[in-house]
Amino acid sequence: MASPSAAPEAFTRAVAGLRAESPRPEILLEEIAAPQRLAPYAFALSATVLRGGDEVASGRLILLHDPAGHEAWQGDLRLVTLITAELEEDLASDPLLSAVAWTWLTDGLEQHAAAYTAIGGTVTQTASTRFGELAGPAPTADLEVRASWTPTSTDFGAHLYGWCAMLASTAGLPPPGVASLTDRVKSA
């Protein structure tokens, strides 16, 4: 990978946009080491989503830049994400969950006017039950969203906010400024 001082202007502007402050106090963002072999230039963030002090979802957002462009990307910049969250048992068996989870991403991007093209990804639901020597906690269910898209605007802050909106939806956080009923019961 090239040294940061030699990074193209398009990449450095994109990184600056992604380094904006966290859009929500429940989402903790941290810069992490980016994958080295996917593109000549890369930048990565990790996110931890907290609800009531407990981690309820996590994610990574990776910015890739290939100055020569990439045909499959339909551009020279690409955003890639992986988001995971533990699900409530009743949601895990919902046959519509995958389609709804995908709209959390597209709606989040559109809500923040984060223009994009060439979006694609997968939504995976898993259920785990432990047996034998691993027996223990109750069965768990998880949701995993893997996606990538090519930004078509230079407002990377909008992409960060759209991605964080998806994280919030995946974690079951209420919209900003709205308290959930469980939060109100705890504070009463």
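Presented here is an overview of the structure given in this document.

Parameters and conventions
Residues numbered from 1 in each chain as written. Predicted model: local features only at pLDDT ≥ 70, side-chain atom pairs only at ≥ 80, totals over all residues. Heavy atoms only, no water. Buried < 20%, exposed > 50% of the residue type's maximum accessible area, 1.4 Å probe, protein only. Helix = DSSP H or I, 4+ residues; strand = E, 2+ residues; numbered from the N terminus. Arc of directions from axis to C-beta. Contact = heavy atoms within 4.5 Å. Axes fitted to C-alpha atoms, helices over the stretch in contact; angles between N-to-C directions. Left-handed = near helix turned anticlockwise from the far one by under 90°. Nonpolar A, V, L, I, M, F, W, Y, C, P; charged D, E, K, R; others polar. Pairing = 2+ DSSP bridges.

**A closer look at helix 1 (residues 9-18)**
Here comes step 1: Residues F11, A14, V15, G17 and L18 constitute the buried set of helix 1. The buried residues of helix 1 all sit within an arc of 160 degrees when viewed along its axis, so they share a single face.
Here comes step 2: Against strand 2 (41-51), strand 3 (54-70), strand 4 (75-87) and helix 4 (156-171) lie the buried residues of helix 1.

**So, unusual backbone geometry**
Here comes step 1: We note that Q74 has phi near 60 degrees; this positive angle belongs to a residue other than glycine.
Here comes step 2: Considering the arrangement of structural elements, one finds Q74 in the loop between strand 3 and strand 4.
Here comes step 3: Phi is positive for A118, close to 50 degrees, though the residue is something other than glycine.
Here comes step 4: The residue A118 is located in strand 5 (residues 116-128) in this model.
Here comes step 5: By relative accessible area, A118 is classed as partly exposed at 22%.

**What about the packing of helix 3 (residues 97-111) against helix 4?**
Here comes step 1: It is at 7 Å that the axes of helix 3 and helix 4 come closest, and there the two elements cross at 145 degrees. Taken as a pair, helix 3 and helix 4 cross one another with a handedness that is right-handed. Contact residues: helix 3 offers A101, W104, L105, G108, L109 and Q111, while helix 4 offers H159, G162, W163, A165, M166, S169 and T170.
Here comes step 2: For the contact of helix 3 with helix 4, the residue count by class is 7 nonpolar, 6 polar and no charged.

**Let's talk about the sheet that holds strand 5**
Here comes step 1: Spatial ordering of the open sheet is given by 1-2-3-4-6-5, a layout of 6 strands whose pairing is antiparallel. Since the sheet does not close on itself, it has two edges, and those belong to strand 1 (27-32) and strand 5, each with one partner. Adjacent strand axes in the sheet meet at a mean angle of 15 degrees, parallel and antiparallel pairs treated alike.
Here comes step 2: Its contacts with the sheet put helix 1 on strand 2, strand 3 and strand 4, and the angle it makes with strand 3 is roughly 165 degrees.
Here comes step 3: Packing of helix 3 onto the sheet brings it into contact with strand 4, strand 5 and strand 6 (140-151), and relative to strand 5 it is tilted by some 145 degrees.

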